[in-house]
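Chain by chain, the residues:
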Amino acid sequence: MSVVGIDFGNLQTIIAVARNRGIDVICNEVSNRFTPSLVSFGPKQRYLGETAKTQEISNFKNTVSSLKRIIGRTFADKEVQEIEKQYLTAPLVDVNGQLAVKVNYQGQETTFTIIQLFAMYLTKMKEIATNETKLPVSDCVIAIPSWFTDVQRRAVLDASEIAGLNVLRLINDSTATALGYGITKTDLPEDKPRNICFVDIGHSTYTVTIVAFIKGQLTVKSRAFDRHFGGRDFDRMLVDHFAAEFKTKYGIDVKSNGKALIRLMAGCEKLKKILSANSQAPLNIESIMEDRDVSSMMKRSEFEELAKDLISRVEAPIKQALEDAGMTIEEIDAVEMVGGSIRIPSLKERIQAYFGKDLSSTLNQDEAVARGAALQCAILSPSFKVRDFTVQDITSYPIKITWQPTPEEEETELVVFNKNNSTPSTKILTFYRSQPFDLEAHYAEPEKIPSGINPWIARFSIKNVEPINGEPACIKVKARINIHGVLSVESAYIVEEVLKEEPVEAPKADAAEGEEAAAPETRKVKKLVKKGDLPVVSATSSLDRSVLAELKEKEMEMIASDKLVVDTEMAKNALEEYIYDTRSKVDSVYKDFINPADKEKFVADLNDAENWLYEEGEETTKSVYVAKLADLHVVGKPIIERYREVEARANAARELRESI
Ligand code: ATP
Ligand code: MG
């Protein structure tokens, strides 16, 4: 069984596997170390990853990007409508409150929820990993942004289940980076921790994390982010600039044309990358729209001027993280940079100036997250032996639990997990109740979570509660933020006060020598004793088991259908190849092995088959292609076998001659 880590990036995804000799990043079917995070649909099949990318422009209405930004969101979510929609090209729709897309799949208008799309993409990641490792893939660790809320985390877990993946941990991406850093450092201190500040600026998001390392352990001290800050913001800024320029220069409105806008976005990203290493860069797009070619250029200084406001946003999260960790810049031993956008020189300079020290890049900036996730998978997987490394993470948002008070109670809520509470973590709450009751969990500071997400997390109903001897029962409820960063109530139970006899330790000095030892004294003390579990019914944002089972089945059907399309294409190619190859040889290498009458018929059959392929055989089923090839084999096979036999004999004779 493979041990896999997945960095599901907003732009591109990286998969790493743990092997005995270390961690390897896996190449996909076109030998790339990252796979575009895209899902698209065609008349016959789905296109996942690279194949979706190749037709992104021609098939943009049926192509979905930004999956990580929109998973766990609703259609009405303000951030989806105001921000994410700008980057999405497939139409968004509402399915019973869930966000979904409407695409044309197999010739029919079809709706898929984002969880389904996320699952489809994970299916592809699983296939890439299986092809490379030649082992089944199930156990994995998936890296997600540390700012994901409960609903987003549960959605990723649901998608993983649909894709048949067993997630050992949803790891916060910056924690994965930190783990990769810590496990490879052999010189970590025993006591006084080494404090590292990790800065990750990717395609859509920016995270600053301060981590304290000692030998064999990392503790996340604080974390701050700008959820809407990354490479795509620079691209959009350039798009705005050039769209305005082209309006006056060429009289075209690129933003009014979906295809033209995607091409301009791609052109701007390229220009941005060139500017990271050069002082100026060109922008040329042929026939962008209305048969117009456009061209322009930009100097790095101009880029920096345009990006001034964006770049100035880089400081706030660093300041916040330092403040939350209660550290000064001097207490930070090193600043480690990861993420693709860190290549923008002015961003790097700004961060360097803030810290007043050189930035380190001892990690592979593109692969650090995936490598860390694979390491975490290796640590958690029973099928793998690796040096243990303790990971102490923290929550990003405080969580409160509310309840209906009894007449004796004043409190109606309690912040059970504070911001930066360590995770995983369990808290035990005590209630006195005579009847079943509900607990509701919410984010305690709704303004801190992504603005369109509902702060409600879950309802936990504690059942079978009854008074004990006419008095309210004392009930303990175990609330836990688990290894995925998801809140659950694991159990609830009744405790009872019982009087227990306990020996009292007699003061030794009193026992005079030679006296007979007195019987040990005892006293009665009140003790809390667990009296039995209570059933807990949880209502969370996770999908019901029955829905999950149905979606899993649908996914399997789509996998089978995609496979059939590929197999059909292969069967057709095999037939085509046989026709051309055999026909080209009947007058040459096969000439002596076929009698002239048979030859005429055979060539006619081959020609017929070729014509058939261009007509009704252009589009048919796998079994028909296979049957057609089998028909040709009836005549062809004996000829080819006779030829091969003679060839083999001649070769053997030659080898014998040469060996004498
Ligand atoms: P996220 O972490 O936000 O989900 P991601 O992991 O897919 O996204 P990365 O792979 O870390 O993102 O970074 C991709 C971003 O880095 C893109 O916006 C890309 O344009 C940018 N980028 C890559 N190379 C360069 C470069 N040489 N100069 C400037 N930007 C670059
Ligand atoms: Mg990333």
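Note that the structure is a prediction, hence the values are computed from the model and not measured.

A.B. asks: Can you walk me through the overall build of the chain in this structure?
C.D. replies: Looking only at helices and strands, the chain features 16 helices and 29 strands. In summary, the chain has a C-alpha radius of gyration of 33 Å against a globular reference of 26 Å for 660 residues, an excess of more than 25%. Overall size of the chain, expressed as C-alpha extent along the three principal axes, is 125 × 70 × 60 Å. Put simply, the chain has 660 residues, and 38% of those count as buried. Restricting to contacts in the chain with at least 6 residues of sequence separation, those with at least 24 account for 69%.

A.B. asks: Hey, could you run me through the packing of helix H4 (residues 114-133) against helix H5 (residues 150-162) in this one?
C.D. replies: Axes are the key here: two packed helices are described by the angle between their axes and the distance separating the axes. Close contact between H4 and H5 brings their axes to 8 Å; oriented N to C, the two are set at 50°. The orientation of H4 relative to H5 falls into the category oblique. Pair H4 / H5 crosses with right-handed handedness. Residues Ile115, Gln116, Phe118, Ala119 and Leu122 of H4 lie in contact with H5, whose contacting residues are Ala155, Val156, Asp158, Ala159, Ser160 and Ile162. Counted by class, the contact of H4 with H5 contains 8 nonpolar, 2 polar and 1 charged residues.

A.B. asks: Can you walk me through unusual backbone geometry in this structure?
C.D. replies: Peptide bonds are mostly trans, and most non-glycine residues show a negative phi. Here the bond from Thr423 into Pro424 is cis, since omega is -15°, no more than 30 degrees from zero. Mapping Pro424 onto the fold places it in the loop between strand E22 (422-423) and strand E23 (425-433). Backbone geometry at Asn96 places phi at a positive 45°, although glycine is not the residue there. Mapped onto the secondary structure, Asn96 falls in the loop between strand E8 (92-95) and strand E9 (98-105).

A.B. asks: Looking at this structure, I do not really get the environment of Ala574. What am I missing?
C.D. replies: Of note, Ala574 is situated in helix H14 (residues 545-586). On the basis of neighbour count, Ala574 is assigned to the partly exposed category, with 13 C-beta atoms found within 10 Å.

A.B. asks: I tried to follow the sheet that holds strand E7 (residues 63-64) on my own but got confused; where do I start?
C.D. replies: Working definition: the strands of a sheet are paired by backbone hydrogen bonds and lie parallel or antiparallel to each other. If you trace the 3 strands from one edge of the open sheet to the other, you get E6-E5-E7, paired in antiparallel fashion. Each edge of the sheet is formed by a strand with only one pairing partner; in this case those strands are strand E6 (46-48) and E7. Pairing analysis gives 2 bridges linking strand E5 (residues 39-41) to E7, with the strands arranged antiparallel. Considered in E7, the bridge of Val39 is made with Val64. Along the sheet face, H4 touches E5, E6 and E7 and points at about 65° away from the line of E6.

A.B. asks: Could you clarify how one ought to interpret H5 in this entry?
C.D. replies: Between the first and last C-alpha of H5 there are 18 Å, a value that for 13 residues agrees with the 18 Å anticipated at 1.5 Å per step. Once H5 finishes, Gly164 follows within two positions and takes phi at roughly 75°, a positive value.

A.B. asks: Would you mind showing me how to read the site of ligand 1 here?
C.D. replies: Neighbouring residues of ligand 1: 22 residues in total, closest Gly9, Asn10, Gly202, Gly231 and Gly340. In terms of residue count, helix H8 (residues 258-275) provides more of the shell around ligand 1 than any other element does, 3 residues in total. Per-class residue counts for the shell around ligand 1 are 2 nonpolar, 13 polar and 7 charged. Looking at which domains feed residues into the shell around ligand 1, each of domain 1 (4-192 + 363-389) and domain 2 (231-311) supplies at least three.

Parameters at a glance
In this convention, every chain numbers its residues from 1, walking through the sequence in written order. Both sets of labels track the order of writing: A upward for chains, 1 upward for ligands. It should be noted that, the model being predicted, local features are given only for residues of pLDDT at least 70 and side-chain atom pairs only at 80 or more, the latter also being counted only at that level, while totals for whole chains, interfaces and linings use all residues. Only DSSP runs of H or I reaching four residues or more are called helices, and only runs of E reaching two or more are called strands; each is numbered from the N terminus. Restricting the calculation to C-alpha atoms gives the radius of gyration, and the globule rule supplies 2.2 Å times the number of residues raised to the power 0.38. Counting other C-beta atoms within 10 Å of a residue's own tells you its class, since 20 or more makes it buried, 12 or fewer makes it exposed, and anything in between is partly exposed; those C-beta atoms are placed from the backbone. We call two residues in contact if the C-beta atoms placed from their backbones are at most 7 Å apart. All axes are obtained by fitting lines to C-alpha atoms, using only the stretch in contact for helices, and the reported angles, taken between N-to-C directions, cover 0 to 180 degrees. Each angle receives one of four descriptions, namely roughly parallel if under 35 degrees, roughly antiparallel if over 145, roughly perpendicular if within 65 to 115, and oblique otherwise. By definition, turning the near helix anticlockwise from the far helix through less than a right angle yields a left-handed crossing, and turning it clockwise yields a right-handed one. Residue classes follow a fixed rule: Ala, Val, Leu, Ile, Met, Phe, Trp, Tyr, Cys and Pro count as nonpolar, while Asp, Glu, Lys and Arg count as charged, and any other residue, Gly among them, counts as polar. Here, any two strands with at least 2 DSSP bridges between them count as paired. Expected helix span is taken as 1.5 Å per residue step, with the number of steps being one fewer than the number of residues. Using a C-beta atom placed from the backbone for every residue, we mark a residue as near a molecule or strand if that atom lies within 6 Å of it. Each domain's extent is set by a domain assignment, obtained either automatically or from a database.

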